[in-house]
Amino acid sequence: MKVISTKKAPAAIGPYNQAIQVGNLLYTSGQIPIDPATGVFVEGGIKEQTRQSLKNVKAVLEEAGLEMGNVVKTTVFLADMNDFADMNSVYAEFFTEPYPARSAVAVKTLPKGALVEIEVVAALS
């Protein structure tokens, strides 16, 4: 087991890590739309928050020597399922064929009042 950590994504604020590599798989913790440079949420709505969450995912992957094309599974947590279409349009900017498997669920609340949180599982080449 190997811990992955980068300053290019928000630091863990509890008893967890940004990502853990086990064998040929990398599991990321959920990334919320905190700008690591400022420590606060990006301004805007679901599109901006989705973009920042995915930038944070990308930064963690890059620290492990991976890219978005290595992602095999994503889980998207939404505060409101009515935001699905807007989230999906930004999500499509980050992934190409073959797309990873995905689950998208609405939850009652997310950390710090985020509109979206995204976690991934990636395969090492």
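Residues numbered from 1 in each chain as written. Predicted model: local features only at pLDDT ≥ 70, side-chain atom pairs only at ≥ 80, totals over all residues. Heavy atoms only, no water.

Some thoughts on the sheet that holds strand β1 (residues 2-4)
Line of reasoning, step 1. An order of β1-β2-β3-β8-β6-β7 is seen for the six strands of this open sheet, with the pairing classed as mixed. The sheet terminates laterally at β1 and β7 (101-106), the two strands that pair on one side only. Ignoring which end each strand starts from, the neighbouring axes of this sheet average 15° apart.
Line of reasoning, step 2. Here three bridges tie strand β3 (residues 25-28) to strand β8 (residues 116-123), and the two strands are oriented antiparallel to one another. For Y27, the partnering residue across the bridge sits in β8 and is V121.
Line of reasoning, step 3. On the sheet, helix α1 (residues 46-63) packs against β1, β2 (19-22), β3, β6 (71-78) and β8 and is oriented at approximately 30° with respect to β8. (Pairing = 2+ DSSP bridges. Helix = DSSP H or I, 4+ residues; strand = E, 2+ residues; numbered from the N terminus. Axes fitted to C-alpha atoms, helices over the stretch in contact; angles between N-to-C directions. Contact = heavy atoms within 4.5 Å.)

Topic: the packing of α1 against helix α2 (residues 84-94)
Line of reasoning, step 1. With their axes 8 Å apart at the nearest point, α1 and α2 run at an angle of 35° to one another. Crossing hand, α1 versus α2: right-handed. Here α1 contributes I46, K47, T50, R51, L54 and K55 to the contact with α2, which in turn contributes D86, M87, S89, V90, Y91, E93 and F94.
Line of reasoning, step 2. Class assignment for the residues of the contact of α1 with α2 results in six nonpolar, two polar and five charged. (Left-handed = near helix turned anticlockwise from the far one by under 90°. Nonpolar A, V, L, I, M, F, W, Y, C, P; charged D, E, K, R; others polar.)

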